[in-house]
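# Summary of the model geometry
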Amino acid sequence: MPKAVSYKTIFLGLVVLLLAGMIIDISLGSVKIPFTEVFQIVTGQGSSKETWTHIVLQYRLPKTITAILTGFGLSVSGLLMQTLFRNPLAGPFVLGISSGASLGVAILVMGGSIMGFSFLSSSLSIAIGASIGSFIVLLAILIVARNIRDTMALLIIGLMFGSLTSAIVNILSYFASMEKLQQYVFWNLGSLGNLSWPEVGLFAAVIFIGIFFTLFTIKGLNALLLGEQYAISMGVSVKKIRLIVMISASLLAGSITAFAGPITFIGLAVPHITRLLFKSANHLILIPATMLTGSIVMLFCDSIAQLPGSQFTLPINAITAIIGSPMVIWLLLRKRKILL
Amino acid sequence: MSITSSHTLEASQLEIGYTHKKQVISIAKNISFALGKGELIGLIGANGIGKSTLLKTLCGINNPINGTIKLNGKDVNTYSEQKLAKALSVVLTGNIPASNLTVTEIIALGRQPYTNWIGSLTKTDIAKIKEVIDLLKLEPIKDRKNYELSDGQLQKVLLGRALSQDTSIIILDEPTTHLDIYHKAYTLSLLKEVAHTTQKTILFSTHEIDLAIQLCDQMMLLTKEDFVVNQPCNLISNGSFSNLFPKDLIRFDAATGSFKVNKTK
């Protein structure tokens, strides 16, 4: 089986890239720390400067782990959506789950001041607001999905939810105070570096629960590559698969939007990059493969966002789009065919 | 078992149709037949007469309005999704979404009713897939991706997927659409060969009446008023084909077994 060997080689290459990405990401930042020192701190040997240890352990390491988890979750939820809807343009944004999270945050940050009462807009309350928002949109989609058998219609409904929520966000921002609007805009740009260790722990738990659910959809998703009717004729309970996919996708996309902001492009593009890389449609391979590719791309984007050698950090959401969009266009132009 | 066990697919007093705004709309009724092992059966009828509805009802996608369907002697309603998938497989009309799936992988998907929760293939599954590839002579194209296949090849691969599902009945909805005359004949003779060698019951709907007459063991004729099932030669001799379509434009020529356009006077 020459194919199995080449999959292994690609996986091995990706693992090496992931490790390299982690090291680069931890080494870069607005404070210059020698590489050897970073290595010593991470491996627990301590450092010559107390502040360096603090920066690496309390700021950079959680950020790197957040980048990896974000890459895992967004790319897997994108892959699930694309297969479920048999639509290469599907992703967590298309279903409106991320917009729901944005709406939750917008109401919390901007709505409070308009209505005359103010919430504590700490990062945790923002996370709760985003989770509630994405959960409400998911609930609405699930209720609609019970009465609709056509996944194309479901996709359009997701898009409509998305435009509806962004319209409400626009109205809110029109009336919000400058200070609150700025706070929302900053959240909207996305940030991987705001999480404390306990928050990273909670984030990791939600991501792994979401990914654990997807294991039970692998067989059904493979059958769905032929279309819903074929899947049903092979004994697949499409309703059950659809429910699991929607729950795990909303857990993944909802928690990521909550903790790191609405990060675009990764969910849509990484599954395509992975398919081109592995030339496979089998979800048993694609799910771990997209996780690896997604985390590498996130680490890469985050390293660029540090603007090595400068004091500035760019918004991660802009970097994912700037790097990602041309990459996808280039890949598709080369391939000329968009596949599932 | 009793005499019924020799029949793989039976329908008695079946009435088919659909529910629209809580109203039951009947399309055809009094459909009764009993199909045996190793038979190739062609279902023909004019556009919109209800061929697809009949096939969907037999597959368990639609519910019948009245009457019963028996699979291998047992009422189809008593089958679970998994059991049904082991008794009946389908080949749908039209294309499948473009993906990285190879020919072998598509055929392997047919093993899903037999594989474990994650879909890993056992030795039996791999042997079955190999058997199907050999039977349909798919060896040269077995590693091609699904978007690299011609319409004729894809039809063969989709039949292969149904065969690897290892069911006693295969139902195909218009397997010859989009094919040229050679591949139409090729596909239908292949179906006949497969039905005879594997002893499966193969039921398909088609508009290729002349080819079906030459190749089918039995034919089903669905018209507004009537449903008949018989051997093609009997159907010709009792004039059943003449009632298939309105008679203003074409007529059935019993001597050649095909339809002829009426000469304008």
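Residues numbered from 1 in each chain as written. Chains lettered and ligands numbered in written order. Predicted model: local features only at pLDDT ≥ 70, side-chain atom pairs only at ≥ 80, totals over all residues. Heavy atoms only, no water.

For chain B, an unreviewed UniProt entry supplies the name ABC transporter ATP-binding protein and the organism Neptunitalea chrysea.

### As for the overall build of chain B
Worth spelling out the cut-off: The secondary structure listing takes helices from DSSP runs of H or I that are at least 4 residues long and strands from runs of E that are at least 2 residues long, numbered from the N terminus. Put simply, the radius of gyration uses C-alpha atoms, and a globule should come to 2.2 Å times the residue count raised to 0.38. Each residue gets one of three labels from its accessible area relative to the maximum for its type: buried under 20%, exposed over 50%, partly exposed in between, using a 1.4 Å probe on protein chains only. The Shrake-Rupley method, run with a 1.4 Å probe sphere, supplies the accessible areas, and residue values consider only the shown protein chains as cover.
When helices and strands are tallied, chain B shows 8 helices and 12 strands. For 265 residues, the compact-globule formula gives about 18 Å, and the C-alpha radius of gyration of chain B, at 19 Å, lands near that figure. C-alpha atoms of chain B, sized along the principal axes, occupy 60 × 40 × 40 Å. Here chain B holds 265 residues, and 49% of them are scored as buried. Accessible area for chain B stands at about 12,800 Å²; split by element, carbon and sulfur atoms hold 52% of it.

### Quick word on the interface of chain A and chain B
Quick note on the threshold: Contacts are assigned to residue pairs that have any heavy atoms within 4.5 Å of one another. Here the buried area means the combined drop in accessible surface, using a 1.4 Å probe, for two parts upon being joined, counting both sides. For this analysis, a salt bridge means a side-chain nitrogen from Lys or Arg found within 4 Å of a carboxyl oxygen belonging to Asp or Glu. Polar contacts, as used here, are pairs of N or O atoms within 3.5 Å; protein pairs need one atom able to donate a hydrogen and one able to accept it. Residues neighboring in sequence count only if both atoms are side-chain atoms. Classes in brief: Ala, Val, Leu, Ile, Met, Phe, Trp, Tyr, Cys and Pro nonpolar; Asp, Glu, Lys and Arg charged; the others, Gly included, polar.
At the interface, 28 residues of chain A touch 31 residues of chain B. Between chain A and chain B, a total of about 2,600 Å² is buried, with carbon and sulfur atoms accounting for 61% of that surface. Across the contact surface, chain A and chain B share 0 salt bridges. Where chain A packs against chain B, one counts 8 residue pairs in polar contact (both at pLDDT 80 or more). Those elements that provide at least two residues to the side of chain A that touches chain B are helix 9 (218-224) and helix 10 (228-233) of chain A. Of all the elements, helix 9 of chain A adds the most residues to the side of chain A that touches chain B, at 4 residues. Class assignment for the residues of the side of chain A that touches chain B results in 13 nonpolar, 8 polar and 7 charged.

### Overview of the packing of helix 3 (residues 50-84) of chain A against helix 8 (residues 197-214) of chain A
All names here are of chain A. To keep things clear, this is the line we draw: To get an axis, fit a line to the C-alpha atoms, keeping to the stretch in contact for a helix; angles then go from 0 to 180 degrees between the N-to-C directions. To sort the angles, those under 35 degrees are grouped as roughly parallel, those over 145 as roughly antiparallel, those from 65 to 115 as roughly perpendicular, and the leftovers as oblique. In this scheme the crossing of two helices becomes right-handed for a clockwise turn of the near helix relative to the far one and left-handed for an anticlockwise turn of less than a right angle.
At a minimum axis distance of 10 Å, the contact between helix 3 and helix 8 shows a crossing angle of 20°. Accordingly, the angle class assigned to the pair helix 3 and helix 8 is roughly parallel. Of the two elements, helix 3 crosses helix 8, and the hand of that crossing is left-handed. Contact residues: helix 3 offers Leu57, Gln58, Leu61, Pro62, Ile65, Thr66, Leu69, Thr70, Phe72, Gly73, Val76 and Leu80, while helix 8 offers Trp197, Val200, Phe203, Ala204, Ile207, Phe208, Ile211 and Thr214. Of the residues contributing to the contact of helix 3 with helix 8, the split by class is 15 nonpolar, 5 polar and no charged.

### Brief notes about the UniProt feature "domain: ABC transporter" (unreviewed entry) in chain B
Put simply, the test is: UniProt positions are given in the numbering used here, feature names are shortened, and annotations may be inferred rather than shown by experiment.
Mapped onto this numbering, the UniProt entry annotates "domain: ABC transporter" (unreviewed entry) at residues 11-249 of chain B. Across residues 11-249 of chain B, the secondary structure splits into 34% helix and 25% strand, with the terminal C-alpha atoms separated by 33 Å.

### As for a nonpolar patch on the surface
We count it as follows: Residues qualify for a patch when their relative accessible area is over 30% and they have no salt bridge, like charges being joined within 9 Å and the nonpolar side chains of Val, Leu, Ile, Met, Phe, Trp and Tyr within 5 Å.
Residues A:Ile209, A:Phe212, A:Phe213, A:Leu215, A:Phe216, A:Leu243, A:Ile247 and B:Trp117 make up a contiguous nonpolar surface patch of about 730 Å² in total accessible area. Taken together, the elements giving at least two residues each to the nonpolar patch come down to helix 8 and helix 11 (238-260) of chain A. Here the nonpolar patch gets 3 residues from one element, more than from any other, and that element is helix 8 of chain A. Note on placement: A:Leu215 falls in the loop between helix 8 and helix 9.

### A word on the side chain of A:Ser280
Mapped onto the fold, A:Ser280 is located in the loop between helix 12 (266-278) and helix 13 (283-305). Within the local environment of A:Ser280, its side chain forms a polar contact with the backbone nitrogen of A:Asn282, the two atoms lying 3.0 Å apart. Once residues within four sequence positions are removed from consideration, A:Ser280 is found in contact with A:Tyr7, A:Arg275, A:Ile285, A:Leu286 and B:Asn100.

### Some remarks on the pairing of strand 1 (residues 7-20) of chain B
Residue and element names in this part refer to chain B. Cut-off, in case you're wondering: Strand pairing follows a simple DSSP-based rule, namely that at least 2 bridges must link the two strands.
The pairing of strand 1 with strand 2 (residues 23-36) spans 10 bridges and is classified as antiparallel. Counterpart to Leu14 in the pairing with strand 2 is Ile31. Taking the residues that link successive antiparallel strands as the turn, the strand 1-strand 2 hairpin has 2 residues, and the phi of Lys21 there is positive, at about 50°. With 5 bridges connecting them, strand 1 and strand 4 (residues 66-71) associate as antiparallel partners. Within the sheet, the bridge partner assigned to Glu15 lies in strand 4 and is Asn66.

### Observations regarding helix 12 of chain A
Residues and elements named next belong to chain A. We apply this condition: The length a helix should cover is 1.5 Å for every residue beyond the first.
An ideal rise of 1.5 Å per residue puts 18 Å on 13 residues; helix 12 measures up with 17 Å between its terminal C-alpha atoms. Among the 13 residues of helix 12, 10 are classified as buried, and the element is accordingly described as predominantly covered. Turning to helix 12, its buried residues number three or more, namely Ile266, Gly267, Ala269, Val270, Pro271, His272, Ile273, Thr274, Arg275 and Phe278. Immediately beyond the C-terminal end of helix 12, within one or two residues, lies Lys279, with a positive phi of roughly 50°.

### Notes on the packing of aromatic side chains
Residue and element names in this part refer to chain A. Applied cut-off: Working definition: a ring pair exists when centres of Phe, Tyr or Trp rings (six-membered ring for Trp) sit within 6.5 Å. Plane angles under 30 degrees give stacked, over 60 give edge-to-face, the rest tilted.
A complete count under the given rule lists 13 aromatic pairs over all chains for this structure. Between Phe72 and Phe208 the ring centres are 6.3 Å apart and the planes differ by 75°, which places this aromatic pair in the edge-to-face class. Here Phe72, found in helix 3, pairs with Phe208, found in helix 8; they are 136 residues apart in sequence, far enough to count as distant. Residue class for Phe72 comes out buried when judged on its relative accessible area of 13%. On the accessibility criterion, Phe208 (43% relative accessible area) is partly exposed.

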